[in-house]
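Structure at a glance
Next come the chains, spelled out residue by residue.
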Amino acid sequence: MGIEIPFYGILGVFGFLSSLLMLLIICKKCKCSFNDAIYVYVTGFLGLITGAKLLYIIVNLPQMIDDVYLIKNHFDIWVSKYIQSGMVYYGGMIGCFLVIIMTKNKFPYSVDRCIPLLIPCYILFSLFGRLGCLLTGCCYGKESHGRFSVIYHNSMIAPNDMKLIPIQLYEVIFDLIIIIIFLCILFYTQKGELLLSFYLGGYAIYRFISEFYRGDVERGYIFFLSISQWISIIILFFDFLTIIKNRKRI
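Everything numeric in this text was worked out from a predicted model, so none of it was measured.

**So, the overall build of the protein chain**
Helices and strands together make up the secondary structure of the protein chain, namely nine helices and four strands. In the protein chain, the succession of α and β elements from N to C terminus is α-α-α-α-α-α-β-β-α-α-β-β-α. Looking at the protein chain as a whole, 46% of its 250 residues qualify as buried. Nonlocal contacts in the protein chain, meaning residues at least 24 apart in sequence, comprise 67% of its contacts between residues at least 6 apart. Surface accessibility of the protein chain: about 14,200 Å² in total, with carbon and sulfur atoms responsible for 70%.

**Some words on the side chain of Ser226**
On the secondary structure map, Ser226 appears in strand E4 (residues 225-226). A polar contact is formed between the side chain of Ser226 and the side chain of Glu211, at a distance of 2.7 Å. When sequence neighbours within four positions are dropped, the list of residues in contact with Ser226 reads Glu211, Arg219, Gly220 and Tyr221.

**Quick word on the side chain of Ser18**
Mapped onto the elements of the fold, Ser18 is located in helix H1 (residues 7-29). The exposure class assigned to Ser18 is buried, which follows from its relative accessible area of 17%. In terms of polar contacts, Ser18 uses its side chain to reach the backbone carbonyl oxygen of Phe14, at 2.7 Å.

**What to know about unusual backbone geometry**
For Lys31, which is not a glycine, the phi torsion comes out positive at approximately 55°. In this structure, Lys31 sits in the loop between H1 and helix H2 (34-66). Its identity as a non-glycine residue notwithstanding, Cys139 has a phi of 55°, on the positive side. Mapped onto the elements of the fold, Cys139 is located in the loop between helix H6 (111-136) and strand E1 (150-151). Overall, the relative accessible area of 12% leaves Cys139 in the buried class.

**Brief notes about helix H9 (residues 227-245)**
Spanning 19 residues, H9 covers 27 Å between terminal C-alpha atoms, matching the ideal 27 Å at 1.5 Å per step. For H9, the full list of buried residues reads Ser228, Gln229, Ile231, Ser232, Ile235 and Asp239. The buried side chains of H9 occupy one side of the element, clustering within an arc of 145° when seen end-on. Away from its buried face by more than 90 degrees, H9 exposes Phe238, Phe240 and Lys245. Looking at the buried side of H9, the elements it contacts are H2, helix H5 (89-103), helix H8 (195-210) and E4.

**A short note on the packing of H5 against H8**
Taken N-terminus to C-terminus, the directions of H5 and H8 make an angle of 160°; their axes are 13 Å apart at the nearest point. Viewed along their axes, H5 and H8 adopt a mutual orientation that is roughly antiparallel. When the axes of H5 and H8 are compared, the crossing they make is left-handed. Judged by residue contacts, Tyr89, Tyr90, Met93 and Phe97 of H5 engage Leu196, Tyr199, Leu200, Tyr203, Ala204 and Arg207 from H8. Partitioned by chemical class, the residues of the contact of H5 with H8 number nine nonpolar, no polar and one charged.

**Details of the packing of aromatic side chains**
The description of two aromatic rings rests on the distance between their centres and on the angle between their planes. Tallied over the full model, the rule gives 18 aromatic pairs. With centroids separated by 6.0 Å and ring planes inclined at 20°, the aromatic side chains of Tyr41 and Phe45 adopt a geometry described as stacked. Note that Tyr41 and Phe45 are positioned in helix H2 at a spacing of four residues, about one turn of the helix. What links up through ring pairs into an aromatic cluster is the set Tyr89, Tyr90, Phe174, Phe182, Tyr199, Tyr203 and Tyr206. One Lys or Arg, Lys29, reaches over the ring of Phe187 and ends 5.9 Å from the middle of that ring.

**With respect to the pattern of salt bridges**
A side chain with one charge may pair with a side chain of the opposite charge, provided their charged atoms come close. This structure, assessed with the given rule, holds five salt bridges. Across the pair Glu211 and Arg214 runs a salt bridge, and its minimum N-O distance is 3.2 Å. The buried category is assigned to Arg214, whose relative accessible area is 7%. When salt bridges with common partners are traced through the structure, they connect Arg207, Glu211, Arg214 and Asp216 into a single cluster.

**Thoughts on a nonpolar patch on the surface**
Together, Ile234, Phe237, Phe238, Phe240, Leu241 and Ile244 make up an exposed nonpolar region whose accessible area comes to about 620 Å². Note on placement: Ile244 falls in helix H9.

Rules and cut-offs
- Residues numbered from 1 in each chain as written.
- Predicted model: local features only at pLDDT ≥ 70, side-chain atom pairs only at ≥ 80, totals over all residues.
- Heavy atoms only, no water.
- Helix = DSSP H or I, 4+ residues; strand = E, 2+ residues; numbered from the N terminus.
- Buried < 20%, exposed > 50% of the residue type's maximum accessible area, 1.4 Å probe, protein only.
- Contact = heavy atoms within 4.5 Å.
- Areas by Shrake-Rupley, 256 points an atom, 1.4 Å probe, with all protein chains shown as cover.
- Polar contact = N/O pair within 3.5 Å; in protein donor to acceptor, adjacent residues only side chain to side chain.
- Expected span 1.5 Å × (residues − 1).
- Arc of directions from axis to C-beta.
- Axes fitted to C-alpha atoms, helices over the stretch in contact; angles between N-to-C directions.
- Parallel < 35°, antiparallel > 145°, perpendicular 65-115°, else oblique.
- Left-handed = near helix turned anticlockwise from the far one by under 90°.
- Nonpolar A, V, L, I, M, F, W, Y, C, P; charged D, E, K, R; others polar.
- Phe/Tyr/Trp six-rings, centres within 6.5 Å; stacked < 30°, edge-to-face > 60°.
- Lys NZ or Arg CZ within 6 Å of the ring centre and 35° of its normal.
- Salt bridge = Lys/Arg side-chain N within 4 Å of Asp/Glu carboxyl O.
- Patch = residues over 30% accessible without salt bridge, like charges linked within 9 Å, V, L, I, M, F, W, Y side chains within 5 Å.

Structure below.
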């Protein structure tokens, strides 16, 4: 009898703890109160988890209804497929910002001062989330004909015994590069006012392109583009306006 290892959950916890450690290091380096920053971080994190799961359920609601027969005969499979795993990154991003904005006036200190310090930490958590996707098979890529590919044999989500583009790994690499760049900016310039705009724009461009190499159809489509691609376009539009508005600070 095999032993199931809940990689998604384990990596999620490890990502949360690692991002907290990174926040502590950043706060010390940038001479910012860790106690202040951690309150904003945890508040935003709760919004992140809620938004990521909520958007996943909304996008996959038709499929969840079609699979309702599993509840009677294979409830464990239904729970594993829709409850224990599966989150939408953009849902987490939107949920995080909404909660921080709604609770901004509740904090006795400057939330705007804390946000630039939190960005690399949230990206680090996202990195571990994508590693979880890579190990479990969700958010998988299209069929690959090259040498650099990933093959699943016992995934409940991704096609098994087929070469697939390791699109999750590409995002892990992207996140790692962004984290290194942003830490260098924070540590050596002490200026992070535009980190959020740069990340939103950079990730939107990356995500729009990477969606063409995704193989999971569950993420939802509107006309010829995925929901994430439409969100990327909207984010790019408003991010461009923000950068133009603050161009004198670049």
